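Spelled out, the chains give:
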Amino acid sequence: MKFRTRGTCSIAVVWAGAATGAFAQTPVVAAPAFEVASIKPTAKSFMQAVADGSLIGMKFSPGRVSIGQVDINTLIRRAYNVQRDQVVGPDWLQDIPDPTKAGASFDIETKLPDGATADQVPLMLQALLAERFQLKIRKGSIETDTYALIVGPKGPKFQKKQPSVDSGGPASSGSEITVTRAGSVTSTSNGVTRTMLPSGITRIETSTTRGLATSLSVGLPVVDKTNLNGDFNIVLEIPRADISAGQSLAGMTDAMAANVMAAVETLGLKLVRQKNPIETIIVESVNRIPTGK
């Protein structure tokens, strides 16, 4: 089996330990799990879903979590809060679904158990992957080529965020909701909001440099090495890359990466290439088709 590196994870482990005494034993604490979960191949292509405003990503509602247009790789990354570059697995797992074909991903409807919170949803996704997709993983680490996000010579050009009362809710708990309006597409995940504007500009809004680093796509993993702690008002606008017809995939990637790097410098930051260790989730086995319905 061939493996490629691409998004990280940690796996929930239930600990059961023996207490002192001949018959005393620590009770097993069950990991959080969805009460009910329905998994079906998507009835619409990604492009159709964008066009008619169907759900793409994750949406919370009272007692329920709905997920639209999600492939297995993305589901693993959402469950373990990792990037694509940190997932090591079989070649097919790294393939990006064809956006013009229906059935290339899954739509998932779940019912939460009473008293469950949004913070528990990643653990529930881990349990879902293990039960329905027979996912088995182990953690690892590799030293690889990365881009380090560092502070430029003149310092950052964004301000600290003023303290405010956090109302909480799904958006602050790692949820992702994608909506379309006036030709733009907005997604929010783990404190990062990404908006694709009709002009081709990509706007990224976040409050941490770590969030900024994890949202940048430059062909290699991006590691936050700014040493900037706290919450900030960070808004990054990346212009559309000028890509010519017939340009190679490598050329397209280079053009897009150059635009990202130039945009990052407007924030008083820089991306420099260097070797860094990154944590990885190694997928030992996973089924393409889920069990049940």
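Above this text you will find the structure in question.
Figured I'd write up the structure that's included with this text. This one's a predicted model, so the numbers in the text were calculated from it and none came from an experiment.

## Topic: the overall build of the chain
Reasoning step 1: Summing up its helical and strand segments, the chain has six helices and 14 strands in all.
Reasoning step 2: Counting the 293 residues in the chain, one finds 38% classified as buried.
Reasoning step 3: Put simply, the chain shows about 16300 Å² of open surface, and 54% of that area lies on carbon and sulfur atoms.

## Focus: the pattern of salt bridges
Reasoning step 1: The tally for this structure, following the rule as stated, stands at six salt bridges.
Reasoning step 2: Between Lys 44 and Asp 52 there is a salt bridge; the shortest N-O distance is 2.7 Å.
Reasoning step 3: On the basis of relative accessibility, which here comes to 34%, the residue Lys 44 falls in the partly exposed class.
Reasoning step 4: Taking relative accessible area as the criterion, Asp 52 reaches 44% and is therefore assigned partly exposed.
Reasoning step 5: The salt bridge involving Asp 145 is made with Lys 275; its shortest N-O contact spans 3.5 Å. Of this pair, Asp 145 sits in strand E7 (residues 136–151) while Lys 275 sits in strand E14 (residues 269–285), and the two are 130 residues apart along the sequence.
Reasoning step 6: Taken together, the shared-partner salt bridges connect Asp 145, Arg 273 and Lys 275 into one network.

## Structural notes on the packing of helix H2 (residues 72–80) against helix H4 (residues 121–132)
Reasoning step 1: The contact between H2 and H4 brings their axes to 7 Å, and the two run at 140°. Looking at the two axes, H2 sits oblique to H4. Handedness of the crossing formed by H2 with H4: left-handed. Packed against H2, whose contacting residues are Leu 75, Ile 76, Arg 78, Ala 79 and Tyr 80, the element H4 presents Pro 122, Leu 125, Gln 126 and Leu 129 at the interface.

## Section: the environment of Asn 276
Reasoning step 1: The residue Asn 276 is located in strand E14 in this model.
Reasoning step 2: Judged by relative accessible area, which is 6%, Asn 276 ranks as buried.
Reasoning step 3: Considering only alpha carbons, one finds Asn 276 and Val 223, 53 residues apart in sequence, at a separation of 7.9 Å.
Reasoning step 4: Contacts of Asn 276, omitting those with residues within four sequence positions, involve Ile 142, Glu 143, Thr 144, Thr 146, Ala 148, Val 223 and Lys 225.
Reasoning step 5: In this structure the side chain of Asn 276 is engaged in a polar contact, spanning 3.0 Å, whose partner is the side chain of Gln 274.

## So, unusual backbone geometry
Reasoning step 1: At Asn 81, a residue that is not glycine, the phi angle is positive and equals roughly 55°.
Reasoning step 2: Within the secondary structure layout, Asn 81 lies in the loop between H2 and strand E5 (87–90).
Reasoning step 3: Exposure remark for Asn 81: the relative accessible area of 45% places this residue in the partly exposed category.
Reasoning step 4: In this structure, Gln 134 is a non-glycine residue whose phi angle is positive, near 55°.
Reasoning step 5: On the secondary structure map, Gln 134 appears in the loop between H4 and E7.
Reasoning step 6: Among the residues examined, Gln 134 registers a relative accessible area of 36% and is labelled partly exposed.

## Considerations on the environment of Arg 203
Reasoning step 1: Within the element layout of this structure, Arg 203 appears in strand E11 (residues 202–206).
Reasoning step 2: Counting along the chain gives 10 residues from Arg 203 to Thr 193, while the straight-line C-alpha distance between them is 8.0 Å.
Reasoning step 3: When near neighbours in sequence (up to four residues on either side) are disregarded, Arg 203 contacts Thr 193, Arg 194, Thr 195, Leu 197, Val 235, Leu 236 and Glu 237.
Reasoning step 4: For Arg 203, the side chain forms a polar contact with the side chain of Glu 237, separated by 2.9 Å.

## Some details on the packing of aromatic side chains
Reasoning step 1: Tallying each qualifying case throughout the model produces two aromatic pairs.
Reasoning step 2: Taking 5.4 Å as the distance between ring centres and 80° as the angle between the ring planes, the aromatic pair formed by Phe 158 and Phe 232 counts as edge-to-face. Within this pair, whereas Phe 158 is found in the loop between E7 and strand E8 (176–181), its partner Phe 232 is found in the loop between strand E12 (222–224) and strand E13 (234–238), the two being separated by 74 residues in sequence.
Reasoning step 3: Given a relative accessible area of 8%, Phe 158 falls into the buried group.
Reasoning step 4: With a relative accessible area of 6%, Phe 232 lands in the buried category.

## Here we look at H4
Reasoning step 1: In this model, H4 (12 residues) spans 16 Å end to end at C-alpha, consistent with the 16 Å of a helix rising 1.5 Å per residue.
Reasoning step 2: On its buried face, H4 sits against strand E2 (36–41), strand E3 (56–61), strand E4 (64–70), H2 and strand E6 (106–111).
Reasoning step 3: The first or second residue beyond H4 is Gln 134, which carries a positive phi of 55°.

Thresholds, definitions, all that
- Residues numbered from 1 in each chain as written.
- Predicted model: local features only at pLDDT ≥ 70, side-chain atom pairs only at ≥ 80, totals over all residues.
- Heavy atoms only, no water.
- Helix = DSSP H or I, 4+ residues; strand = E, 2+ residues; numbered from the N terminus.
- Buried < 20%, exposed > 50% of the residue type's maximum accessible area, 1.4 Å probe, protein only.
- Areas by Shrake-Rupley, 256 points an atom, 1.4 Å probe, with all protein chains shown as cover.
- Salt bridge = Lys/Arg side-chain N within 4 Å of Asp/Glu carboxyl O.
- Axes fitted to C-alpha atoms, helices over the stretch in contact; angles between N-to-C directions.
- Parallel < 35°, antiparallel > 145°, perpendicular 65-115°, else oblique.
- Left-handed = near helix turned anticlockwise from the far one by under 90°.
- Contact = heavy atoms within 4.5 Å.
- Polar contact = N/O pair within 3.5 Å; in protein donor to acceptor, adjacent residues only side chain to side chain.
- Phe/Tyr/Trp six-rings, centres within 6.5 Å; stacked < 30°, edge-to-face > 60°.
- Expected span 1.5 Å × (residues − 1).

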